[in-house]
Amino acid sequence: MKKGMLIGKGVLLYLILTACSTQKSIKTLKLAHGLDVNHSVHKAMVLLSEKLQEKSGGKLRVEIYANSQLGYERECLELLQIGSLDMTKVSAAVMENFAPRTQVFSLPYIFKNRAHHYKVLDSKIGRELLREGEKYWLRGLCFYDAGSRSFYTKNTPINTPEDLRGLKIRVQNSPTAINMVRAFGGSATPISWGELYTALQQGVVDGAENNPPSFYLSRHYEVCKYYSLNEHSFVPDMLMISTHTWKKLLPEERKWLQEAVTESVIYQRKLWQESEKESLEAVQKAGVKILYPPKKSFAQKVQKLYESYTTNRALYQLIRDIQNL
């Protein structure tokens, strides 16, 4: 009997040790973001996680926390910097506070169209800008499509830049976005994304600017009944990883992760274009009036913004390189 008990205990101990060993061999990367689970970027991240598990044979996985569960964009970036979070998604507009050259993405009308936007993101310029924040412990893995940003307002339809005069417009915490709204004549008001619905309801701001899926999924269309598609900027989302985490990954693990990320980008771009169309149809059905103002008058208003960069030779050259690509 004693011999049988010893054998039983030995088997149990072996199973416990094996389980612990297996658990230790699986690396889990925590990824937090502020988007809804129906957003194309979140869906792309789910694909990323699936592809990574597949490529690594289950050794590497991503655990996703959506809807600002672990904080807003800036807070998540700060968690990456201290190594308490592995990955996050932020707008390139927020990244300009950490990596100044990324401000070019927020410049109004720097991209000719979506095809030009993709060409820049996939070029050497894009790859260099992904690495721009490394000295601040933030490494870019990819760009996700966030479409074009346009103005939406509660009571005032925006057909010309003059219609923005005196209106309080929510912007991201981006100096470039603030200067753009001021150039149009509006009063730029930085407010975090999670607090914007209430700010619109309570009249803290008169409107905001964002892409169609964000306008729809945030339910801001319940408060704002005018959406003016002036498409002033194409500001991409950036998937960031803490350099603390990146350095801990083995070369093979980095390869698996980058391959999974690249596949998620292709998938997200397709989803994005579908979601733009669906979102515009949905908000229109909900009573939002969609306007198509001439873009030329808006583009003319921001020419002084470009002139202000001539004293910064490196940044001005980057702007010229993007425009000429």
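Read on for a plain summary of the structure.

Thresholds, definitions, all that
- Residues numbered from 1 in each chain as written.
- Predicted model: local features only at pLDDT ≥ 70, side-chain atom pairs only at ≥ 80, totals over all residues.
- Heavy atoms only, no water.
- Phe/Tyr/Trp six-rings, centres within 6.5 Å; stacked < 30°, edge-to-face > 60°.
- Lys NZ or Arg CZ within 6 Å of the ring centre and 35° of its normal.
- Core = buried A, V, L, I, M, F, W, Y, C linked by side-chain atoms within 4.5 Å.
- Buried < 20%, exposed > 50% of the residue type's maximum accessible area, 1.4 Å probe, protein only.
- Helix = DSSP H or I, 4+ residues; strand = E, 2+ residues; numbered from the N terminus.
- Contact = heavy atoms within 4.5 Å.
- Pairing = 2+ DSSP bridges.
- Axes fitted to C-alpha atoms, helices over the stretch in contact; angles between N-to-C directions.
- Right-handed = clockwise from strand over helix to strand, strands pointing away.
- 1 Å grid on protein atoms, 1.4 Å probe; cavity = no way out; pocket = protein on both sides within 12 Å on 5 of 7 lines; lining within 4 Å.
- Points joined across faces, edges and corners; volume = space filled by probe spheres on them.
- Nonpolar A, V, L, I, M, F, W, Y, C, P; charged D, E, K, R; others polar.
- Expected span 1.5 Å × (residues − 1).
- Parallel < 35°, antiparallel > 145°, perpendicular 65-115°, else oblique.
- Left-handed = near helix turned anticlockwise from the far one by under 90°.

### Concerning the packing of aromatic side chains
Aromatic rings considered in pairs are described by the distance between their centres and by the relative angle of their planes.
Working step 1: Applying the stated criterion across every chain, the model contains nine aromatic pairs.
Working step 2: Site record: aromatic cluster; members linked through ring pairs are Phe105, Phe111, Phe143 and Phe234.
Working step 3: In this structure, Arg269 is placed above the aromatic ring of Tyr118, and the distance from its NZ or CZ to the ring centre is 4.1 Å.

### Topic: the nonpolar core
Across soluble globular proteins, nonpolar side chains have a tendency to be buried as a group.
Working step 1: Counting 35 residues, the largest nonpolar core has Leu77, Met95, Val104, Ile110, Met240 and Ile322 as its most contacted members.
Working step 2: When residues of this core are traced back to their parent elements, those giving at least two are helix 3 (73–81), helix 4 (92–95), helix 5 (114–121), helix 6 (124–130), strand 4 (138–144), strand 10 (237–242) and helix 14 (313–324).
Working step 3: Apart from residues no more than four positions distant in its own chain, Ile110 is found in contact with Val104, His116, Tyr306, Ile319, Ile322 and Gln323.
Working step 4: Grouped together as the second largest cluster of nonpolar side chains are 23 residues, Leu35, Cys142, Ala260 and Val265 included.

### Concerning the sheet that holds strand 6 (residues 168–171)
Working step 1: Pairing is mixed in the open sheet, where six strands are placed in the order 7-6-8-5-9-11. Of all the strands in the sheet, just strand 7 (187–190) and strand 11 (289–291) have a single pairing partner and so form its edges. Each adjacent strand pair in this sheet contributes to an overall mean axis angle of 30°, direction not counted.
Working step 2: Strand direction decides the pairing type here: strand 5 (residues 149–153) and strand 8 (residues 207–210), joined by four bridges, are antiparallel. Pairing of Phe151 across the sheet is with Glu209, part of strand 8.

### Things to note about the environment of Met45
Working step 1: Within the secondary structure, Met45 is located in helix 2 (residues 40–56).
Working step 2: In the structure, Met45 is positioned 19 residues away from Ile64 in sequence and 7.7 Å away in space, judged by C-alpha atoms.
Working step 3: The residues touching Met45, leaving out its near neighbours within four places in the chain, are Leu31, His33, Ile64, Lys89, Tyr144 and Leu239.

### Here we look at the pairing of strand 2 (residues 60–65)
Working step 1: In this structure, strand 1 (residues 27–32) lies alongside strand 2, joined through six bridges in parallel fashion. Note that in strand 2 the partner of Lys30 across the bridge is Glu63.
Working step 2: Handedness of the β-α-β unit built from strand 1, helix 2 and strand 2 comes out right-handed.

### Thoughts on empty space enclosed by the protein
Working step 1: Enumeration according to the criterion identifies one cavity of 30 Å³ or more in this entry.
Working step 2: By volume, the largest cavity is sized at about 50 Å³.
Working step 3: Every residue lining the largest cavity is listed: Ala93, Ser106, Arg149, Gln172, Ala177, Met180, Glu209, Ser233 and Val235.
Working step 4: Across the lining of the largest cavity, the residue classes break down as four nonpolar, three polar and two charged.

### A look at helix 2
One full turn of an α-helix is made of 3.6 residues, so residues set three or four places apart face in the same direction.
Working step 1: With 17 residues, helix 2 should reach 24 Å at 1.5 Å per residue; the first-to-last C-alpha distance of 24 Å fits that figure.
Working step 2: Within helix 2 the residues assigned to the buried category are Ser40, Val41, His42, Ala44, Met45, Leu47, Leu48, Ser49, Leu52 and Ser56.
Working step 3: Considering only its buried residues, helix 2 is in contact with strand 1, strand 2, strand 3 (87–91), strand 4, strand 10 and helix 11 (251–285).
Working step 4: After helix 2 finishes, the residue Gly57 shows a positive phi value of roughly 65°.

### A word on the layout of surface pockets
Working step 1: Looking at the largest pocket, its volume works out to about 490 Å³.
Working step 2: The wall of the largest pocket is formed by 28 residues, among which Glu73, Val94, Arg170, Gln172 and Trp193 lie closest to the centre.
Working step 3: Elements that contribute at least two residues to the lining of the largest pocket include exactly helix 3, strand 3 and strand 6.
Working step 4: Across the lining of the largest pocket, the residue classes break down as ten nonpolar, twelve polar and six charged.

### Details of the sheet that holds strand 1
Working step 1: Strands sit in the order 2-1-3-10-4 across an open sheet of five strands; the sheet is mixed. Where the open sheet ends on each side, the last strands, each with one partner, are strand 2 and strand 4. Each strand of the sheet is rotated relative to its neighbour by a mean of 30°, with strand direction disregarded.
Working step 2: The pairing of strand 1 with strand 3 spans two bridges and is classified as parallel.

### Notes on the pairing of strand 8
Working step 1: Residues Gly207 and Glu209 line one face of strand 8 and the alternating positions Ala208 and Asn210 line the opposite face, and both faces are buried.
Working step 2: In the sheet, strand 6 pairs with strand 8 via two bridges, with the strands oriented parallel. Pairing of Ile169 across the sheet is with Gly207, part of strand 8.

### Quick look at the packing of helix 5 against helix 11
Working step 1: In contact at an axis separation of 14 Å, helix 5 and helix 11 are set at 155° when each is read in the N-to-C sense. Between helix 5 and helix 11, the angle falls in the class roughly antiparallel. Remark: the crossing between helix 5 and helix 11 carries right-handed chirality. Contacts from Arg114, Tyr118 and Leu121 of helix 5 reach helix 11 at Arg269, Trp272, Gln273 and Glu276.

No statement about biological role is implied by the geometric values presented.
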